[in-house]
Structures are given as C-alpha cells and as structure tokens.
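One-letter residues, chain by chain:
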Amino acid sequence: MASSHSSSLVPQSNSRDAFFKKEMDSAKHFRPVQSLPDVCPKEPTGDPNSLGDSPSLVADQHRWTIYHSKVNLPAALNDPRLAKRESDFFTKTWGLDFVDTEVTPSFYLPQINKENFALYQQEIIQREKIHERCKNICPPKDTFDRTLLHTHDKSRTDLEQVPKIFMKPDFALEDSLTFNAVLPWSHFNTSGGKGNRDAASSKLLQEKLSHYLDIVEVNIAHQISLRSEAFFHAMTSQHELQDYLRKTSQAVKILRDKIAQIDKVMCEGSLQVLRLSLTRNNCVKAYNKLKLMATVHQTQPTVQLLLSTSEFVGALDLIATTQEVLQQELQGIHSFRHLGSQLCELEKLIDKMMIAEFSTYARSDLNRPFEEDCQILEEERLVSLVFGLLKQRKLNFFEIYGDEMIVTAKNIIKQCVVSTVSQIEEIDTEVVVKLADQMRMMNFPQWFDLLKNIFSKFTIFLKRIKATLNIIRSMVLLVLDKNQRTRELEETSVQKNPAKDNAVDTEVAYLIHEGMFISDAFSDGDLPSVAVDTTSQRNTSPNSEPCSSDSVSEPECTTDSSSSKEQMPSSIIPGGVEIMISEDMKLTDLELEKLANNIQELLYSASDICHDRSVKFLMARAKDGFLEKLNSNEFVALSRLMEGFILDTEQICGRKSMSLRGALQSQANRFVNRFHEERKTKLSLLLDNERWKQADVPAEFQDLVDSVSDGKIILPEKKAGAAEERKPTDFLIVEGQKYAVVGTVLLLIKIILEYCQCVDNIPSITTDMLTRLSDLLKYFNSRSCQLVLGAGALQVVGLKTITTKNLALSSRCLQLIVHYIPIIRAHFEARLQPKQFSMLRHFDHITKDYHDHIAEISAKLVAIMDSLFDKLLSKYEVKAPVPSACFRNICKQMAKMHEAICDLLPEEQTQMLFLRINASYKLHLKRQLAHLNVVNDGGPQNGLVTADVAFYTGNLQALRGLKNLDLNMAEIWDQKR
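Residues numbered from 1 in each chain as written. Predicted model: local features only at pLDDT ≥ 70, side-chain atom pairs only at ≥ 80, totals over all residues. Heavy atoms only, no water.

## Looking at the overall build of the chain
Reasoning step 1: Across its full length, the chain holds 31 helices and four strands.
Reasoning step 2: Within the chain, the proportion of its 977 residues that are buried is 36%.
Reasoning step 3: In the chain, of all internal contacts separated by at least 6 residues, the share reaching a separation of at least 24 is 77%. (Helix = DSSP H or I, 4+ residues; strand = E, 2+ residues; numbered from the N terminus. Buried < 20%, exposed > 50% of the residue type's maximum accessible area, 1.4 Å probe, protein only. Contact = heavy atoms within 4.5 Å.)

Pasting the structure below:
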C-alpha cells in the first residue's frame, strides 16, 4: 500500500499525458518559500547553487521529493505477489490459488485513442489560449496552500477508513468486548465444512488490518517529517544549555564560599550577644508567667465567691479576663489545659442563673400588690441583671418578661372577678363553680364596677411595665452611645496622629533570625510608648499565635489589660443608679438598635395584651346577649369607660391598640342595629295605627323642639312637676311657625333627636347612625305615602275615606321633617371625618324625596277639585236664574276645601294652592263656554256668565286669607280679534 502510494506521487516529466502535465503546470505556480536556516550540523549549509537540484527538507516539505522514496518494513514483507506467506496466530495464508491475472478487455467497449478527441481539441483550443492568457495576467491563488489543504484532506480521508475503535484512548485487547469487536471468533472457526470460507474471511481480516497499519504509519511518518526542523533545533539548543548550567554552578559555588566567610567574620559574634540578651528576657518572662499562673489558679474560688453574692457581672468579667490571659499569655500551658473548658461551663452556668434570676425578678415585679407606690422594684438588681445578659449576648431576655406579662394579665382579671364575686351575696360560689358563670350572674352595675376595677389595675400594670422597660431600654441605649463615642474617638486619634504612627513603624526593625524579633533584645524603656501600645494590641488580638518559650511579648501585658478593664467609663441611668460600662461589650450597633426596638415593641405588646384580655372578658359577658340588651344610658356609660381606658393606654404606651377598640365597635354596631330596629318597629306600629288626625302637642315635646336652637341639638332634662302643670297645645311652634302634626311625627322628632344624642355619646358609631337615620326617614316618607296618598290607611286603620284634611295634615308633617333635615345634616357633618362627607348626600336625596312627596299631595288636592270642576261645569248652562246652581255648588265646595286646610297649612301655601285650583277652574269654564259658543260680545249670555263669575269671585275672595288673591278671570274668554 505504501509503495503504491509512493509511486503515485512520482512525476513523469517526459510524458505528454494530461494528468502529469497538470501536475507539472501546477508546480510552476508555487509561491517562493523563504528557507529557514538549517540547524542540522550534518546537512551542508554552503552556497545554495552548489547544492544543485537536491531538495530541501524545509522548503520542499509539502511536495514529493527523493526523501519520500522509502517504504516501511511491514509493507515490504506483505508483498501480495508471493505465492506463499508465513502465517501466525492471527493470520492465515492467502492460499495457493492466489495468482496475478490480467483482465480481459470487454468486447462491448470500443477502443479509444487520441483520434477520438481530435474534434474536441479543435473546439477547445481557442478557449485554452484565452485561458492561458488570463492565467498570465491574473496569477492564481496560493497553490502551496491548496497543496497543503489537499494533502491534509487526503490524510484525513485515509484516517477515516480506520475504525473508530482503534482511536479510543482506552483501547485494550485485554477487554473481551474490544477483542471480539476487532477479531470476531467466527473468522477462526474451521469446523462444520466451512473451512475454505472461514480461511478466506481470515485472509480478508488480515488484509484489512495490514491496510489500517499502513495508513497509520504513513500519517505518522508524514507528521515526523513536518517536525524534523524543530527536532534538529532542540538538539543544538541542548548543548548550549549544558554549557550555561555548568558556568552557573561554578558561580554559585564561589558565591557560597564568600558568604560563609563573611558570616564567620562579621555576624557570629553579634548574634551571640543578641541570643544571650534574648535568653535573659525569656527568663524574666518565664518568672512573670509563673506569677500569672498563680493568679489564674485562684480564678475558680473567686468566681464561686462572687456568685454566692449574686455578683454576676463581676464573675463574668473575671472569667473573661482569665480566658483572655489563657488564650494570649498562658496558651500551651499543660497544667491549664482543662481550665478553659471549665470556665466555659461555669459561664454557661452563670447564663442559666442570670436567666432564672431575671425570670424571678420579672415575676416578682409584675405580681406585687397594686397598692404600692414604687413603680420600679430593686432597680440596682435589674441593672446588674440586664448588663450581665447584655455582656453574654442573651438578647432574648425580653421574651421572658413578655411571657410573664401575659400570665400576670390573666391573673389580674381572675383576681378581680374572685374579689368582686366574694362580695356579692346573691352568687353562691358552691353551686356556680366557674368564674365565667359567676360573672354572668352579675347585674349591670356590679359588672360595670368590676370592669372599672380591671381597667384601673391594667392602667397601673402598664405604668409599671413602662417604667421597667424604660430602665432596660435606657441601659441598651447607653451601651450604644458608648460604642459610638469610642468609635468616634478612635477615628479622631487616627486622623490626628498619622505621622506619629509612621515614625513608630519605621523605628521598630523586624530583623528576623531563628524566628525572633531583634526589637525584643532592647529594654522596654528604649522603645517609644506608642510602640509598646502597638505590641500590646498585637498580643491582645484574637488571632495572635501561641506563645512559646522564646515568646517576646511584653511581660507587663497582663497588668496593662487588667488596668484597662478597671478604667471603665461611668454613666448614670434615668433611675439615678450609677453604673460602670465595661469595654468588652461585643455588641454591634445594629444588634443594640434592634434590641432597643424590640423592648419598645414589648411595651406595645403589653398594651395589646391588656386589650386582648379585656376583649375576652367583654366577650365572655356578651355570650348570653347581655350587652345587646343594655339601654342607651348603660351602653353610653360602658362606651365612655372603654374609650377612657383606650385613651389611657395610648397615652402610656404611645401606640393605638385596635383589639379593644374593634370589640367596642362591634358591640356598638350591635347596639346600633338593636337601637334602630326598636325605633323602626315602634315607628311602623305608630304609622299602622295612625288615623291622620291633628293631635295635641304635650309640653315636653314643645320643650324638646325648643331645645334645638341655633342648629345645636341638646335634649332637655326631664322635669317631673313642670310638665304636668302645662296644658297641651293645638300646634307645635317651631321658630315662630305653627305646625299641625299627628302624634306619630311628634314621636318621630323625638326618635331623630335620640339618634343625634347617641352620636354625641358614642362618636365611633356616627357613620352607622347616619345610615340608620337615613333609612328611618326614608321609611317614614314611603310608608306615609302608602297610607295617605296610596289610601293604605283605609285597610290598615279602617278609615272610610282619605279627606283633604288628611292630605293637608300629611303635607304639613312632611314639611316639619324637611325643616329639621338641614339641622340634622349639620349635626352629623360636625362629627364626621372629611373623607366621610360623601355620606351626607343621603340627606340631599331624602330632602328631594320629601319635596316630591309634598308636591304630590298638593297635586292630589288640586286633582280633587279638578275632577269636581269637570263634573259640575260639564252640566253648566247659561240661563237664569243668576247665580246658577252650578256656581253655587262650586263655591260651596271651595268653602269646604278652604275650611279643611286653612288651619293646617300656612297662609302662603293656602293662597298658592287656591291659585292652582282657580287655574283649573278657569280652564274647565273656558272649555265649557267654548262648547256653548258663549263669547265676550256683551250679549245676554255674556251678561249671565259675567254675573256667575262675579258671584264665584266674591265668594272666593271672601274666604280667610284669600282677599287679595289675583284671580284674573278675563282668561276664560278666547282672545280673538
């Protein structure tokens, strides 16, 4: 395979074949390639002309040269022309039947020679000349790149023939699956009479594998030839590197000898002096540490002594100082290996003791008798406990206080109920065991006094909680203020002394030798004071390394740290107790601010707890509908008591609690519903029994109306004797006007004023009362319309007919209500929020409905007379005697109408009503005269009509209040020219 591949690349320069001519022509257009310098010492590098035509490995690496004329050993051994070949374990012989045979030419294909292409050459020769001329003018693209691409593509094509299994990185014939895939056992099975076919299959497999081998070897050889130049260059560079390394080794040896001489002459003596000085310092430090160890050894007995006197803060400070010393100064001391864990356990025990002590304090503070005037119990004890808990970062201690508040609030109500029940003889505690049942047996005054007692104790309870939480919160804010001031002082000192810090850094020389600092060889007095502070800060850092026997930390660091703890800033909390704030409060500003906010929220929670317990107490009493059965005065008293308690808690805690207010609103809504239903039912019964006759006005109702002055609604106080002495009147006097009313309207006025007075007593129900009052007024309007205009009173009450007096009385009653609607509106408007003013539109709608009703009544009165005029004037005849019977009857009916309404309606309304009646009369008379063809011509008929009309006019103007009425009777005649 390799030999065939090599032979195919040899050009035949003397041949005239088109294929080889194409190869030669393409070689002429290679771009000139600059030869790289030959690095191979054995290859001639003289004048290029002296080389003759010998190819170059670099310039001609991508074209066929004499260096390609080689074959590999397997290709030479696998000569298929041999008659017999050796076989091994994997291959079989091709067989003796394999011989080279010549293919016989086909008889069906003609013999082709050059003459067959003569005609084509004559046709194409002109195009070929043009093509050659174009190639000279425009040279083709880089043939060299195409040759490379062609060679690369060919190599890739050849490699694609090799199965992918041979290319896998984990290819191994030891794997049974891989072995069976490469060499199927079916090719080696010679049994069963299939020997010849199996032998042929094994031979074919042998040829395939040999072919794959040839492809791989050719590609490997090609890749090696491409990289030959780099190989030769690497060989040359290797000799130069060896020379450089040899010279460098000699220079390093000389330098080491010189450094050893300098060290022996100049450094050993000085370093010996420093070592002795360091040894002395370490002995002094060892002595100081022994004294310190003796002090630390007494820590546990001292802590026990402090705990026996409840000095938690002092014990915690001592434990913190000891742990700091153990971590910084005595770290690694074998005898103290368990002391740190013991102190940690002791600190955990102190935590539990402080939490238990704080819980005990909270319980005793909240459950002490309410008769005590002192609001804060053992203030110094509270301060000590709080600072100890802050020091230990037990920031959830306020939750303990919150739990105690809940328990105490429950006990307050229980104790109040038990105390009150024990004083009531009517309640037998042996029969009625449960407190809730005992409480439900109380009447309203007893229960009201109990609720007042509970509210008063809750008020004292909240004041005590506020005083205690203010002390705790002030301590938290004090620590926060101290942290902020300390940070500001540090920032100020850093800004003022930057140069001083730089001088210290340059003065301390960190000349390291055998892990020690040279600066420790000097005495403490030789170093600047700031340097000592810097060293102490470094030693007290939490990340400092353990001290060894050669440790060079300052011997007095422990004394400095203890003295710094003694210099704590003092502050005075609002209670007057002076306290000392330690420096190791490791609380961030965010944690302290969050804790202060939580304490403030705890005060709000205390208010919520009192309100929630009060709501449960209220709901327990309201379970049997007790609160819904209260009268107005009782509910107003209850509402005022609850409102006062709500305002007191808001003033103490600074925030509104909505639970009790919501319960009050809920009960108020129930009260409003019952209040409204009772009065609506009462009004309905009154209307159903109303006979629509004018009623006398008792003096108390006149006083009630008189109390509404200047738009202010104030119910008068009842006077027992005065009302009996005064007699009832026929009319209700309102601002100088007389109103003839029925009894239902008098009671309706009282009901309306009760609604307004209820709003004054319970402001929270203003909107509900407005809605209910609007509903009540609408109900009265619609129901009175049904009874009078709709004639419903005929069936309900049993009236025989609805008279004009009934209609006029109904109209006057409606006018009285309309008179009070603006006053009622102003009353509610003064008690509504601006965003609730839209509800006032209900009164506008009601006013419109009432005016429409009044207009309908007036229209009904006119309609009554209109039907009468139509009936009488339709029979009217112009004839003697004068006045006619028709006009006498009309005047009689007009007099009855006037008699019925003149005492009920004001004079102005009476005049307007009779003007409308007169207009109706003129219309009917004009229509009848036109029907009778009577005209205003001065004739006999005209004279008779004029006499009748004069009679009508005289009678009508003779009625009371109608004397000056302009009747304009000339309109009865048609105005014709």
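## Details of unusual backbone geometry
Reasoning step 1: Cis geometry marks the peptide bond from Ala880 to Pro881, where omega comes out at 0 degrees.
Reasoning step 2: A positive phi angle is found at Asn968, which is not glycine, with a value near 50 degrees.
Reasoning step 3: When you line up the elements, Asn968 lands in the segment after α31 (940–957).

## Overview of the pattern of salt bridges
Reasoning step 1: As enumerated under the stated definition, the model contains 19 salt bridges in all.
Reasoning step 2: Here Arg655 ties to Asp608 by a salt bridge, and the two come within 3.2 Å at their closest N and O atoms. In this pair, Arg655 is assigned in the loop between α20 (632–653) and α21 (658–688) and Asp608 in helix α19 (residues 589–621), connecting sequence segments 47 residues apart.
Reasoning step 3: Note on Arg655: relative accessible area 32%, which makes it partly exposed.
Reasoning step 4: The salt bridge partner of Arg674 is Glu678, with a shortest N-O separation of 2.9 Å. Here Arg674 and its partner Glu678 are both found in helix α21, four residues apart, which amounts to about one turn of the helix.
Reasoning step 5: Shared partners join several salt bridges into a network, and the residues in it are Arg674, Glu678, Arg679 and Glu754. (Salt bridge = Lys/Arg side-chain N within 4 Å of Asp/Glu carboxyl O.)

## Some remarks on the confidence of the model for the chain
Reasoning step 1: The share of residues in the chain with pLDDT of 70 or more is 74%, and the mean pLDDT across the chain is 75.
Reasoning step 2: Below pLDDT 50 for its whole length, residues 83–99 participates in 22 contacts with residues either more than four positions away or in separate chains.
Reasoning step 3: For the stretch residues 503–569, pLDDT sits under 50, and the model shows 74 contacts to residues farther than four places along the chain or on other chains. (pLDDT = per-residue confidence, 0-100.)

## Brief notes about the nonpolar core
Reasoning step 1: One finds Phe358, Trp447, Ile817, Phe828 and Tyr921 to be the most contacted residues of the largest nonpolar core, which totals 198 residues.
Reasoning step 2: Looking at this core element by element, the count peaks at 19 residues for helix α15 (residues 444–496).
Reasoning step 3: Apart from residues no more than four positions distant in its own chain, Tyr921 is found in contact with Phe869, Leu873, Phe887, Ile890, Val949, Tyr952 and Met969. (Core = buried A, V, L, I, M, F, W, Y, C linked by side-chain atoms within 4.5 Å.)

## Re the packing of helix α30 (residues 907–931) against α31
Reasoning step 1: Two elements in contact, α30 and α31, have axes separated by 13 Å at closest approach and are oriented at 170 degrees. Between α30 and α31, the interaxial angle falls into the category roughly antiparallel. The segment α30 lies against α31, with Phe914, Asn918, Tyr921, Leu925 and Leu929 engaging Val945, Val949, Tyr952 and Leu956. (Axes fitted to C-alpha atoms, helices over the stretch in contact; angles between N-to-C directions. Parallel < 35°, antiparallel > 145°, perpendicular 65-115°, else oblique.)

## Some points on a nonpolar patch on the surface
Reasoning step 1: A cluster of nonpolar residues, Ile112, Phe117 and Tyr120, forms a patch on the protein surface that exposes about 350 Å² of accessible area.
Reasoning step 2: You can see Tyr120 is positioned in helix α4 (residues 118–137). (Patch = residues over 30% accessible without salt bridge, like charges linked within 9 Å, V, L, I, M, F, W, Y side chains within 5 Å. Areas by Shrake-Rupley, 256 points an atom, 1.4 Å probe, with all protein chains shown as cover.)

## Considerations on the packing of aromatic side chains
Reasoning step 1: Under the definition given, this model contains 16 aromatic pairs.
Reasoning step 2: A ring pair is formed by Trp447 and Phe617, whose centres lie 5.9 Å apart and whose planes are at 5 degrees; its orientation type is stacked. In this pair, Trp447 is assigned in helix α15 and Phe617 in helix α19, connecting sequence segments 170 residues apart. The same class applies to Trp447 and to Phe617, which are both buried.
Reasoning step 3: An angle of 40 degrees between the planes, with centres 6.0 Å apart, marks the rings of Phe828 and Phe843 as tilted. Highlighted residues: Phe828 in helix α27 (residues 804–829) and Phe843 in helix α28 (residues 841–873), separated in sequence by 15 residues. Like Phe828, the residue Phe843 is buried in the burial classification.
Reasoning step 4: These aromatic residues form a ring-pair network of at least three members: Phe869, Tyr876, Phe887, Tyr921 and Tyr952.
Reasoning step 5: Over the ring of Phe675 we find Arg679; its NZ or CZ atom is 3.5 Å from the centre of that ring. (Phe/Tyr/Trp six-rings, centres within 6.5 Å; stacked < 30°, edge-to-face > 60°. Lys NZ or Arg CZ within 6 Å of the ring centre and 35° of its normal.)

## Here's the deal with the environment of Ile765
Reasoning step 1: Tracing the sequence through the fold places Ile765 in the loop between α24 (743–761) and α25 (766–789).
Reasoning step 2: In this structure, the C-alpha to C-alpha distance between Ile765 and Ala668, residues 97 residues apart in sequence, is 6.6 Å.

## Structural notes on the side chain of Asn918
Reasoning step 1: Following the sequence through the fold, Asn918 ends up in helix α30.
Reasoning step 2: Here Leu967 takes part through its backbone oxygen, which lies 3.1 Å from a polar atom of the side chain of Asn918.
Reasoning step 3: Other than its neighbours up to four places away in sequence, Asn918 contacts Tyr952, Leu956, Leu967 and Met969. (Polar contact = N/O pair within 3.5 Å; in protein donor to acceptor, adjacent residues only side chain to side chain.)

## Here's the deal with the environment of Arg831
Reasoning step 1: Within the secondary structure, Arg831 sits in the loop between α27 and α28.
Reasoning step 2: On the basis of relative accessibility, which here comes to 35%, the residue Arg831 falls in the partly exposed class.
Reasoning step 3: On a C-alpha basis, the gap between Arg831 and Val759 in space is 8.2 Å, while along the polypeptide they are 72 residues apart.
Reasoning step 4: Each residue touching Arg831, except ones within four places of it in the same chain, is listed here: Val759, Asp760 and Thr766.
Reasoning step 5: In this structure the side chain of Arg831 is engaged in a polar contact, spanning 2.7 Å, whose partner is the backbone oxygen of His827.

## Comments concerning α4
Residues that lie three or four places apart on an α-helix share one face, since the helix turns once every 3.6 residues.
Reasoning step 1: For α4, built from 20 residues, the straight-helix expectation of 28 Å at 1.5 Å per residue is met to within 8% by its first-to-last C-alpha distance of 29 Å.
Reasoning step 2: At Ile124, α4 is bent by approximately 40 degrees, the largest bend along its length. (Expected span 1.5 Å × (residues − 1). Bend = angle between axes of the 7 residues up to and from the residue.)

## Examining helix α29 (residues 885–901)
Reasoning step 1: In this model α29 runs 25 Å from its N-terminal to its C-terminal C-alpha over 17 residues, within 8% of the 24 Å that 1.5 Å per residue would give.
Reasoning step 2: By the burial criterion, the buried members of α29 are Cys886, Phe887, Ile890, Cys891, Met894, Met897, His898, Ala900 and Ile901.
Reasoning step 3: Where α29 is buried, its residues meet α27, α28, α30 and α31.

## Considering the environment of His851
Reasoning step 1: Looking at the secondary structure, you find His851 in helix α28.
Reasoning step 2: We classify His851 as partly exposed; its relative accessible area is 43%.

## A word on the packing of α24 against α25
Reasoning step 1: For the pair α24 and α25, the least separation of the axes is 9 Å and the interaxial angle reads 170 degrees. The orientation of α24 relative to α25 falls into the category roughly antiparallel. Side by side, α24 and α25 meet where Thr744, Val745, Leu748, Ile751, Ile752, Tyr755, Cys758 and Val759 of the first sit next to Thr766, Met769, Arg772, Leu773, Leu776, Leu777 and Phe780 of the second.
Reasoning step 2: Among the residues making up the contact of α24 with α25, the classes are represented as twelve nonpolar, two polar and one charged. (Nonpolar A, V, L, I, M, F, W, Y, C, P; charged D, E, K, R; others polar.)

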